[in-house]
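A structural walkthrough
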Amino acid sequence: MFGIEDHIFLTITTAEFIIGMFVNGYIGLVICVDWIKKKKISTIDYILTSFSLCRIGLLCVMTVNGTILAFYPGVCENEKIKVVLNIFWTFTNYLSMWFATCLNVFYLFKIANFSHRLFLWLKWRIERVVHWSLLGSLAISVLISLIQATLTNSDYDFLKTAKHKRNVIELFHVSKIQYFDPLTLFNLLAIIPFTVSLISFFFLNTSLWRHSKQMKSSVTGPRNSSTEAHLGAMKTVTSFVFFLFVYYLACLLATFSYLMKESRLAMMSGEIIAILYPLGHSLLLIVGNSKLRLASVRMLRYGKTACMM
């Protein structure tokens, strides 16, 4: 029999899943329709399409995993199901992070202005660099997923042992060496896209500062198209860094919820917050992208007209 917290969890996660699927599906649909009309696709649209498809997969895995953990925890004791879920989560999670990082780097080289030779060399070849980066991201995600499939998930054995300990002090007497999971080292790779995005934000901010300084004596004013482009790119990068940080905090909360008194409630809270990452960031991308934003306005106007008829 489900309690009130179970119904709340199920309602919120279902709403997040539906909204997230709609938002990411909308991104892919708008770009694909534009691609068919123009018979060509820009680099940024190529990134966003790949990005939205990956986010749809991540949403599905996170929703299924959260539902199983909350309502059918015994299913996770099945080694095959646990491995399959971990493989799909690892693949879609890393692919989503790297694709978002490629988008941030693309904004940096397209908008920022620096005179360094290396920066100019990359700026002139940014489309080729991005395409190879996307392929590299796919290769890295597949590699880590294959490693996940071949390694024994010893963290699960440690968590199972930890659940039988009465408190945190007693938990320290459990030797983690025998339960060490080499995949834990690969999870540290999440630091790389996070760091790259922070570097992109720093250089965009520096470029904006220099541009604003130059525009002080200009008659065009401080808020020209270049300034708006800088601010838009910085908002995109900042939103990714923020949501990624919150996402991993939520994952840690769900993972180590067994240490808390209300472990089940903590796990549910972590899952709910984590799903906001593939939902919220994609929603902000729609707001920040003129093509997607205008298409959404036209769709809302059409829907309003259809309702009035």
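Residues numbered from 1 in each chain as written. Predicted model: local features only at pLDDT ≥ 70, side-chain atom pairs only at ≥ 80, totals over all residues. Heavy atoms only, no water.

As annotated in an unreviewed UniProt entry, the protein chain carries the name Taste receptor type 2 and comes from Muntiacus muntjak. Heading Function (unreviewed entry) of the UniProt record for the protein chain holds this comment: "Receptor that may play a role in the perception of bitterness and is gustducin-linked. May play a role in sensing the chemical composition of the gastrointestinal content. The activity of this receptor may stimulate alpha gustducin, mediate PLC-beta-2 activation and lead to the gating of TRPM5." Note on the protein chain: under the UniProt heading Subcellular location (unreviewed entry), the record states "Membrane". (UniProt positions renumbered as here; feature names shortened; annotations may be inferred.)

1. Quick word on the nonpolar core
Buried together is how nonpolar side chains tend to be arranged in soluble globular proteins. By size, the foremost hydrophobic cluster in this structure holds 53 residues, and its most contacted members are Leu48, Leu103, Leu204, Tyr247, Tyr277 and Leu292. When contributions to this core are tallied by element, the ones reaching two or more residues are helix 1 (4-38), helix 2 (43-71), helix 3 (79-111), helix 5 (126-150), helix 9 (191-215), helix 10 (225-255), helix 11 (263-288) and helix 12 (290-308). Tallying contributions element by element places helix 3 first for this core, with 13 residues. Excluding anything up to four places from it in sequence, Tyr247 contacts Leu58, Met62, Trp89, Asn93, Ala274 and Tyr277. (Core = buried A, V, L, I, M, F, W, Y, C linked by side-chain atoms within 4.5 Å. Buried < 20%, exposed > 50% of the residue type's maximum accessible area, 1.4 Å probe, protein only. Helix = DSSP H or I, 4+ residues; strand = E, 2+ residues; numbered from the N terminus. Contact = heavy atoms within 4.5 Å.)

2. As for the packing of helix 2 against helix 11
The N-to-C vectors of helix 2 and helix 11 enclose an angle of 165°; their axes lie 10 Å apart at closest approach. As judged from the angle between their axes, helix 2 and helix 11 are roughly antiparallel. Considering the relative orientation of helix 2 and helix 11, their crossing is left-handed. Along the contact surface, helix 2 presents Leu48, Phe51, Arg55, Leu58, Leu59, Met62, Thr63, Asn65, Gly66, Leu69, Ala70 and Phe71, while helix 11 presents Arg264, Met267, Met268, Glu271, Ala274, Ile275, Tyr277, Pro278, His281, Ser282 and Leu285. Residue composition of the contact of helix 2 with helix 11, by class: 15 nonpolar, five polar and three charged. (Axes fitted to C-alpha atoms, helices over the stretch in contact; angles between N-to-C directions. Parallel < 35°, antiparallel > 145°, perpendicular 65-115°, else oblique. Left-handed = near helix turned anticlockwise from the far one by under 90°. Nonpolar A, V, L, I, M, F, W, Y, C, P; charged D, E, K, R; others polar.)

3. Thoughts on a nonpolar patch on the surface
On the surface, Phe245, Leu249, Leu252 and Phe256 cluster together to form a nonpolar patch covering roughly 380 Å² of accessible area. With respect to the helices and strands, the residue Leu249 is situated in helix 10. (Patch = residues over 30% accessible without salt bridge, like charges linked within 9 Å, V, L, I, M, F, W, Y side chains within 5 Å. Areas by Shrake-Rupley, 256 points an atom, 1.4 Å probe, with all protein chains shown as cover. Salt bridge = Lys/Arg side-chain N within 4 Å of Asp/Glu carboxyl O.)

4. Some details on the UniProt feature "transmembrane region" (unreviewed entry) in the protein chain
As recorded in UniProt, the feature "transmembrane region" (unreviewed entry) lies at residues 17-36, 56-75, 87-109, 129-151, 185-208, 240-260 and 272-292. When the span residues 17-36 is considered, its composition is 100% helix and 0% strand, and the gap between its end C-alpha atoms is 28 Å. Along residues 272-292 the backbone is 95% helical and 0% strand, and the end-to-end C-alpha distance reaches 26 Å.

5. A look at the packing of aromatic side chains
Taken as a whole and judged by the stated rule, the model has eight aromatic pairs. Relative to Phe119, the ring of Phe114 lies with its centre 5.2 Å away and its plane at 80°, an arrangement referred to as edge-to-face. The pair formed by Phe114 and Phe119 is uniform in burial state, with each residue classed as buried. Seen from their ring centres, Tyr247 and Tyr248 are 5.2 Å apart, and the 80° between their planes marks the pair as edge-to-face. These aromatic residues form a ring-pair network of at least three members: Phe109, Phe114, Phe119, Phe202 and Phe203. The ring of Tyr277 is capped by Arg55, whose NZ or CZ atom sits 4.5 Å from the centre of that ring. (Phe/Tyr/Trp six-rings, centres within 6.5 Å; stacked < 30°, edge-to-face > 60°. Lys NZ or Arg CZ within 6 Å of the ring centre and 35° of its normal.)

6. A few points about the side chain of Ser96
With respect to the helices, strands and loops of the structure, Ser96 is situated in helix 3. Not counting the four nearest positions on each side in its chain, Ser96 is found in contact with Phe51, Cys54, Arg55, Leu58 and Tyr277.

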